[in-house]
Amino acid sequence: WETMEFFKKLFGGGGPKTGSSDRAGLYFYVKPTGCEEIVRVRIDSNNDPSLADDNSTYFVRKTVRGSTYKCTREAELELFFDSNRRLTEKNVTKGTLVTKEEFEAWLAAQETSSPPP
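Here's a quick rundown of the structure.

Conventions adopted
Residues numbered from 1 in each chain as written. Predicted model: local features only at pLDDT ≥ 70, side-chain atom pairs only at ≥ 80, totals over all residues. Heavy atoms only, no water. Pairing = 2+ DSSP bridges. Helix = DSSP H or I, 4+ residues; strand = E, 2+ residues; numbered from the N terminus. Buried < 20%, exposed > 50% of the residue type's maximum accessible area, 1.4 Å probe, protein only. Contact = heavy atoms within 4.5 Å. Polar contact = N/O pair within 3.5 Å; in protein donor to acceptor, adjacent residues only side chain to side chain. Core = buried A, V, L, I, M, F, W, Y, C linked by side-chain atoms within 4.5 Å. Phe/Tyr/Trp six-rings, centres within 6.5 Å; stacked < 30°, edge-to-face > 60°. Lys NZ or Arg CZ within 6 Å of the ring centre and 35° of its normal. Disulfide = S-S within 2.5 Å.

Strand order in the open sheet formed by four strands is β3-β4-β5-β6, with antiparallel pairing between adjacent strands. The sheet is open, and its two borders are formed by β3 (50–51) and β6 (87–93), each paired with just one other strand. Two strands pair when backbone bridges link them, and strand β4 (residues 58–65) and strand β5 (residues 74–81) are joined in this way by eight bridges, in the antiparallel orientation. Its bridge partner being in β5, Arg 65 is matched across the sheet by Glu 74.

Printed below as a string of structure tokens:
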């Protein structure tokens, strides 16, 4: 049993992280230009940032694409962090950053407009 607990701690076992227990997760909501869909992007603040050319700050670049045939356009999310991996700047090319509330409203509208199975 102790060995199993050790591996859970080592590899983060215990199921998917949800809510406030996802401390490393940063979430951004991107709406590609010309699309109705809003895409939720998760950045792992411990693993996703790459060291910038100055060898002291970090950046992340993600290509964002809708998950349905209705939105085939791409947007690019760029994030910049200081030496302590605190977010300092965020940019979107070919899209727009929207709020979590806008994402949740869009998601709720999708659920009410989809036909029952």
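From this point, the narrative continues.
Now for the environment of Arg 61. Secondary-structure assignment places Arg 61 in strand β4. The exposure class of Arg 61 is partly exposed, given its relative accessible area of 47%. Measuring from C-alpha to C-alpha, the distance between Arg 61 and Asn 91 comes to 9.6 Å, with 30 residues separating the pair along the chain. Discounting residues that sit within four places of it in the chain, Arg 61 has contacts with Glu 76, Leu 77 and Glu 78. Here Glu 78 takes part through its side chain, which lies 3.0 Å from a polar atom of the side chain of Arg 61.

Turning to the nonpolar core, a few remarks are in order. Phe 28, Val 30, Val 39, Val 41, Ile 43, Tyr 58, Val 60, Val 64, Ala 75, Leu 77, Leu 79 and Phe 81 together form the largest nonpolar core, which totals twelve residues. The set of elements that each furnish at least two residues to this core consists of β1 (25–32), β2 (39–44), β4 and β5. Looking at which element gives the most residues to this core, the answer is β5, with four residues. Excluding residues that lie within four positions of it along the chain, Ile 43 makes contacts with Ala 24, Gly 25, Leu 26, Phe 28, Asp 48, Val 60, Lys 62 and Leu 79. Residues Tyr 29, Ile 38, Val 98 and Phe 103 belong to the second largest nonpolar core, which totals five residues.

This paragraph deals with the packing of aromatic side chains. Taken as a whole, this structure holds two aromatic pairs when the rule is applied. Chaining the aromatic ring pairs together yields one cluster made of Tyr 29, Phe 103 and Trp 106. Between the NZ or CZ atom of Arg 85 and the centre of the ring of Tyr 58, over which it lies, the distance is 4.3 Å.

With that out of the way, let us pick up the pairing of β6. Two elements, β5 and β6, share six bridges in a ladder whose sense is antiparallel. From the neighbouring strand, Glu 78 faces β6, where its bridge partner is Asn 91. Linking two consecutive strands that pair antiparallel, namely β5 and β6, is a turn of five residues; a positive phi of about 60 degrees is found at Arg 85 within it.

Tallied over the entire structure, the rule returns one disulfide. For Cys 35, the disulfide goes to Cys 71, at an S-S distance of 2.2 Å. With the S-S bond torsion at 90 degrees, the cross-link from Cys 35 to Cys 71 turns out right-handed. Taken together, the residues Cys 35 in the loop between β1 and β2 and Cys 71 in the loop between β4 and β5 connect sequence positions 36 residues apart. Since its relative accessible area comes to 1%, Cys 71 is described here as buried.

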